[in-house]
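In case you want the letters, here they are:
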Amino acid sequence: MTGLPASTASTPAIRISEEVAQAVADGRPVVALESTIFTHGLPRPRNLTVALEAEKQLRGAGVVPATIGVHAGVPTVGLSTDQITELAATDGLDKVSLRDLPVVAALGRHGGTTVAATAFLAHRAGVRVFSTGGLGGVHFGASESFDESADLTTLATTPVTVISAGVKSILDIRATLERFETLNIPVIGYRTTKYPGFYVTDSGHEINFAVQSPEEAAGIIDARDRLDLPQAVLIANPVDPAKQLPPEELDGILARAWAEAERRGITGNASTPFLLDHIQRDTDGRSLEVNVEVYRGNVRLGGEIATALAARAGGSAAASTGA
């Protein structure tokens, strides 16, 4: 897109809203939210409705939302309602991963931030918890194409907590879990040791550990921080089984989506939005409803974990002062 002012030396590298900055300083619960879900993931006008609903959901639970995106070249932690509305209505936005941040900043462009860029910006702002829908991962055929998401390497060096419903169903889940292990990224199930498959509750792959409450999750996060480890903690939160896509249908849906992408020669960054759109059309919109349910559940759990972390920090501070 064009017509936006280029960034200058006087523009802050990262803009953190006053509300988010104050909440972080006060030790109150804050949850980061990515912008690609409403800039690239959902159709209009549903995209704006879901984005604002997520913020309202967190506020109702006493949690400060920090929706993250790039507005007019400025990476922003805590987009305003007007900025979210503008990004949701703008055509041709850049999909901004971590490598793209300096480019869109210098060119003064709008952009929706991926998991990688959102996690980086959240950490820079002191926000410890980030709720998303699905993670990026290893694509099928990556042994030849080397096609894997930058989410993986970014999360290996960014100590945030990411709540998701697993990786996107179009990915090679087995290979992705192997990469998480190689990169020393812990994957913790929320009340399950069956790794979710985004649209379905159980991807067919097991994980080693589960937590049963937000407080247990907060304990793991604190332990990671006390050990001064650099990687993210991934909390895998499955969609309600009653609201998942029928698992017996998913393999056929994915096969048709991949076949159509191959027929059209769609690869790289263009493949994920194409495949997800194809799945939505193939399921007559049912996948969109699952996507929204996944996001709501992850936003809710993110708020609960952020609240538990804030309570632990408050308790530690009181103990250290003898209160």
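Residues numbered from 1 in each chain as written. Predicted model: local features only at pLDDT ≥ 70, side-chain atom pairs only at ≥ 80, totals over all residues. Heavy atoms only, no water.

The next thing to look at is helix α6 (residues 115-124). The buried fraction of α6 is high, at 7 of 10 residues. Within the span of α6, buried status applies to V115, A116, A117, T118, A119, L121 and A122. G126 sits one or two residues past α6 and shows a positive phi near 85°. (Buried < 20%, exposed > 50% of the residue type's maximum accessible area, 1.4 Å probe, protein only. Helix = DSSP H or I, 4+ residues; strand = E, 2+ residues; numbered from the N terminus.)

Packed helices, taken two at a time, are described by their axes: the angle between them and the distance between them. Taken N-terminus to C-terminus, the directions of helix α3 (residues 46-60) and helix α4 (residues 81-89) make an angle of 155°; their axes are 9 Å apart at the nearest point. Judged by the angle between their axes, α3 and α4 are roughly antiparallel. For α3 against α4, the interelement crossing comes out right-handed. Touching N47, L48, A51, L52 and E55 of α3 are T81, I84, T85 and A88, all from α4. Residue classes in the contact of α3 with α4 are distributed as 5 nonpolar, 3 polar and 1 charged. (Axes fitted to C-alpha atoms, helices over the stretch in contact; angles between N-to-C directions. Parallel < 35°, antiparallel > 145°, perpendicular 65-115°, else oblique. Left-handed = near helix turned anticlockwise from the far one by under 90°. Contact = heavy atoms within 4.5 Å. Nonpolar A, V, L, I, M, F, W, Y, C, P; charged D, E, K, R; others polar.)

Here R44 and P45 are connected by a cis peptide whose omega angle stands at 0°. Tracing the backbone shows P45 in the loop between α2 (36-41) and α3. Even without glycine at this site, A72 takes up a positive phi of about 50°. For A72, the position within the fold is in the loop between β3 (64-71) and β4 (74-77). Of the residues examined, A72 reaches a relative accessible area of 21% and is grouped as partly exposed. Residues other than glycine seldom take positive phi values, yet R191 does so here, at roughly 60°. Its location among the elements puts R191 in the loop between β9 (187-190) and β10 (194-195).

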